[in-house]
Amino acid sequence: MRGRTKGAILFFALSTAGCQSTGGLSYPILKHEVFESPPANIEFKAEIGQPIITRVDGLAWPAFQVTEKVPFSYEGTSYSLQPGLYRVDGVSPSYSQTTLNDRVESSDVDVVNSRVSLILRDGQCEIIPHMIQGATTSEVANPMTGNLKGLITGERAIFGAPTPSAVDSGTVGQVIDSAKCFADYDFNPNQPGSSKRELVYLGQSGETLRFKYREYYDNLVRPAFSNDLTYNIADDNVIGFRGARIEILDASNTELTYRIRRHMED
């Protein structure tokens, strides 16, 4: 759940300290910035109890948000990237990257070792598999008890993946839908002066939708800054709060389908 960020420099700025990660990538810089999530003008879904819009102010690590399983193939086998929040581990002038070790799965093989790059280039996420080691699901799961040959020959390995390296600028990866993967952040709410504002979906009753607005300061919820809100969408499917405009596309007592038109104001 993050797309537009006023702290975009996190993804593309070079380290002022001059530290370089393996492959010539620079480490991301942590800065005190304002971040807004999810991206505007893209259709999203949120279940009851999940935030539909968030604005934070504080220190954060640049990251990717993957909202659901993303299928891809490598050397003729089908895999899927698991949903989650992935920190960026390197930036270059043209893209940011995170290398996912052992964060893929397959219905055909047991994934033993993997290195898959997830990059953000020109505002679009791409998957670039570099190496995936696995054994058919019929094999013994523990390579130390029945698959020593595979372990010795390198067909199965249990000791980590290769060191992350920069992606060749000409490499074309599999493009991921913008609603499934986008620029995000790993926010640290424990930093002094940090704040977080969010609107959480609570369900519907007829044409009335229920939400809870919450504000956090230094990782604490202030009761005075927590409000229950209701909106009737019978005549207008656009709701507003604190400058935000949210278009409601569909609603039920399990999930909300919506699109952010404008984010919250200061």
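Residues numbered from 1 in each chain as written. Predicted model: local features only at pLDDT ≥ 70, side-chain atom pairs only at ≥ 80, totals over all residues. Heavy atoms only, no water.

### Points about the environment of D186
Note the following rule: Numbering of helices and strands runs from the N terminus, with a helix taken as a DSSP run of H or I at least four residues long and a strand as a DSSP run of E at least two residues long. Here's how the labels work: a residue is buried when its accessible area is under 20% of the maximum for its type, exposed when over 50%, partly exposed in between, all with a 1.4 Å probe on protein chains only. By definition, residues are in contact when any of their heavy atoms lie within 4.5 Å. Throughout this description, a polar contact denotes any pair of N or O atoms lying within 3.5 Å of each other; where both atoms belong to protein, one of them has to be capable of donating a hydrogen while the other can accept it, and for residues adjacent in sequence the pair is counted only when both atoms sit in side chains.
Inspection of the secondary structure puts D186 in strand β13 (residues 181-187). Note on D186: relative accessible area 26%, which makes it partly exposed. Sequence-wise, D186 and L85 are 101 residues apart; in three dimensions their C-alpha atoms are separated by 7.4 Å. Discounting chain neighbours no more than four positions away, the residues touching D186 are A60, W61, A63, L85 and R87. A polar atom in the side chain of D186 sits 2.9 Å from the side chain of R87.

### Observations regarding the side chain of H263
Along the chain, the position of H263 falls in the segment after β19 (255-262). Of note is the side chain of H263, whose polar atom sits 2.8 Å from the backbone oxygen of P38.

### Here we look at the state of the cysteines
Each disulfide consists of a covalent bond between the sulfur atoms of two cysteine residues. So the rule is basically this: In plain terms, two cysteine sulfur atoms within 2.5 Å form what is called a disulfide here.
For the coordinates displayed, the defined rule picks out one disulfide. Residue C125 pairs covalently with C181 via a disulfide, S to S 2.2 Å. One disulfide, between C125 and C181, carries an S-S torsion of -75° and so falls in the left-handed class. Of this pair, C125 sits in strand β11 (residues 124-136) while C181 sits in strand β13; the two residues are 56 residues apart in sequence, bridging distant segments of the chain. Pair check on accessibility: C125 and C181 agree, each one buried.

### Here's the deal with unusual backbone geometry
Generally, phi is negative for residues other than glycine and the peptide bonds are trans, each holding for most cases. The omega angle of the peptide bond from S37 to P38 is -5°, so this bond is cis rather than trans. Assignment of secondary structure puts P38 in the loop between β1 (31-37) and β2 (43-47). In this structure, E75 takes a positive phi of about 50° despite not being glycine. For E75, the position within the fold is in the loop between β4 (70-74) and β5 (77-81). The exposed category is assigned to E75, whose relative accessible area is 69%. Not every positive phi belongs to a glycine, and R242 is a case in point at roughly 50°.

### Regarding the pairing of β5
The two faces of the sheet receive side chains in turn, since in a regular strand these alternate between them. The condition that has to hold: Following DSSP output, two strands are said to pair if at least two bridges run between them.
Counting buried positions along β5 gives four out of five residues, so the element sits mostly inside the fold. Pairing analysis gives five bridges linking β4 to β5, with the strands arranged antiparallel. Along β5, the bridge assignment pairs Y74 with T77. Hairpin connection of β4 to β5: two residues between the antiparallel strands, including E75 at a positive phi of 50°. In this sheet, strand β9 (residues 104-105) lies alongside β5 in antiparallel orientation, the contact comprising two bridges. Looking at β9, one finds that L81 is bridged to V104.

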